[in-house]
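Summary of structural features
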Amino acid sequence: SQQGEEDPQALSIQEGENATMNCSYKTSINNLQWYRQNSGRGLVHLILIRSNEREKHSGRLRVTLDTSKKSSSLLITASRAADTASYFCAPLSDYGQNFVFGPGTRLSVLP
Amino acid sequence: SQTIHQWPATLVQPVGSPLSLECTVEGTSNPNLYWYRQAAGRGLQLLFYSVGIGQISSEVPQNLSASRPQDRQFILSSKKLLLSDSGFYLCAWSVSRQAEAFFGQGTRLTVV
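It should be emphasised that the depicted structure is a prediction, and the values quoted were computed from it without experimental measurement.

1. Quick look at the pattern of salt bridges
Scanning the model with the defined rule gives 4 salt bridges over all chains in all. Between aspartate 71 of chain B and arginine 68 of chain B there is a salt bridge; the shortest N-O distance is 3.3 Å.

And the structure:
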């Protein structure tokens, strides 16, 4: 299966600071997606980065992908209390079971 | 537009009772469908996925089963619930195995 492992498992920052979380995976991929889960809710898709892309932006989100290191990072700039959530990555490929999620990163943004 | 419905939102069931959770998708055809379980404060465990009617793959052997009687309907069942079946159950769909996945709002199951 294609499973990403998020790191750190928990992150606590002050409002206005930047938050960086990482994802590592083991096999070659076609794309990698990041999702957010607010407490007690379903996951929401944030951003998709393709294997031939190195960086992608969406609002306050910046995602990087290093296929040589099989890793990705999600940067949230100028964090807000509303960014408090768990974040999951999903590396996707042509083979194996996709959408197998890791433990996620639990982000707490303190006001 | 596409939507996903999952119900009920919360459920309290006694040990040994049966379970049926339903998930339906609107606005798309032949979606890939997924059932997940999430323990409190933990990640998602993929339970079942389906690429078509009657095609179910199980990721983890357990006390649960899944069925897909119609193209956009995915049902999670158990004949006899265990305490360990408690958790937050999520249904999801995607148009393909590498496209964006859309999640339902989840069912909080408590087995007592």
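2. Overview of the interface of chain A and chain B
Each partner contributes residues to the interface: chain A has 25 residues there, and chain B has 23 residues. Contact between chain A and chain B buries roughly 1700 Å² in total, counting both sides, with carbon and sulfur atoms accounting for 46%. One can count 0 salt bridges joining chain A with chain B. Linking chain A with chain B are 16 residue pairs in polar contact (both at pLDDT 80 or more).

3. Here's the deal with the layout of surface pockets
The computed volume of the largest pocket comes to approximately 300 Å³. Considering the residues around the largest pocket, the lining is formed by 19 residues, among which Gln37, Ser39 and Ser86 of chain A together with Gln38 and Gly41 of chain B are closest to the centre. Only strand 9 (85-92) and strand 10 (105-110) of chain A provide two or more residues apiece to the lining of the largest pocket. If you tally residues by element for the lining of the largest pocket, the top one is strand 9 of chain A, at 3 residues. Residue composition of the lining of the largest pocket, grouped by class: 7 nonpolar, 9 polar and 3 charged.

4. Some details on the side chain of serine 79 of chain A
Within the secondary structure, serine 79 of chain A sits in the loop between strand 8 (71-76) and strand 9. Here the side chain of serine 79 of chain A touches glutamate 17 of chain A through a polar contact of 2.8 Å, landing on its backbone oxygen.

5. Things to note about the nonpolar core
Judged by nonpolar contacts, the single largest core of 21 residues is most densely connected at Met21, Leu32, Trp34, Leu74, Ile76, Tyr87 and Leu107 of chain A. Elements with a contribution of two residues or more to this core: strand 3 (19-24), strand 4 (31-37), strand 5 (43-50), strand 7 (61-66), strand 8, strand 9 and strand 10 of chain A. Those residues within four positions of leucine 32 of chain A in sequence are excluded, and the remaining contacts are Cys23, Tyr25, Ile47, Leu48, Ile49, Leu65, Ser72, Cys89, Ala90 and Pro91 of chain A. Residues Leu19, Val25, Leu33 and Phe48 of chain B belong to the second largest nonpolar core, which totals 20 residues.

6. Examining the pairing of strand 11 (residues 107-111) of chain B
Residues and elements named next belong to chain B. Going residue by residue along strand 11, you find Thr107, Leu109 and Val111 tucked away on one face and Arg108 and Thr110 left uncovered on the opposite face. Where strand 2 (residues 10-13) meets strand 11, 4 bridges bridge the pair, whose relative direction is parallel. Within strand 11, the residue paired with glutamine 13 across the bridge is valine 111. In terms of strand pairing, strand 9 (residues 87-94) meets strand 11 through 3 bridges, oriented antiparallel. Within strand 11, the position partnered with tyrosine 89 by the bridge is threonine 107.

7. Notes on the sheet that holds strand 3 of chain A
Hydrogen bonds between backbone atoms are what pair the strands of a sheet, whose relative direction is either parallel or antiparallel. All names here are of chain A. Spatial strand order, 1-3-8-7-6: 5 strands in an open sheet with antiparallel pairing. The sheet is open, and its two borders are formed by strand 1 (5-7) and strand 6 (55-58), each paired with just one other strand. Each adjacent strand pair in this sheet contributes to an overall mean axis angle of 20°, direction not counted. Of the strand pairs in this sheet, strand 1 and strand 3 are connected by 3 bridges, and their pairing is antiparallel. In the sheet register, glutamate 5 faces strand 3, and the bridge partner there is serine 24.

The rules behind each value
- Residues numbered from 1 in each chain as written.
- Chains lettered and ligands numbered in written order.
- Predicted model: local features only at pLDDT ≥ 70, side-chain atom pairs only at ≥ 80, totals over all residues.
- Heavy atoms only, no water.
- Salt bridge = Lys/Arg side-chain N within 4 Å of Asp/Glu carboxyl O.
- Contact = heavy atoms within 4.5 Å.
- Buried area = accessible area lost by both parts, 1.4 Å probe.
- Polar contact = N/O pair within 3.5 Å; in protein donor to acceptor, adjacent residues only side chain to side chain.
- 1 Å grid on protein atoms, 1.4 Å probe; cavity = no way out; pocket = protein on both sides within 12 Å on 5 of 7 lines; lining within 4 Å.
- Points joined across faces, edges and corners; volume = space filled by probe spheres on them.
- Helix = DSSP H or I, 4+ residues; strand = E, 2+ residues; numbered from the N terminus.
- Nonpolar A, V, L, I, M, F, W, Y, C, P; charged D, E, K, R; others polar.
- Core = buried A, V, L, I, M, F, W, Y, C linked by side-chain atoms within 4.5 Å.
- Buried < 20%, exposed > 50% of the residue type's maximum accessible area, 1.4 Å probe, protein only.
- Pairing = 2+ DSSP bridges.
- Axes fitted to C-alpha atoms, helices over the stretch in contact; angles between N-to-C directions.

By themselves, these figures tell us nothing about what the structure is for.
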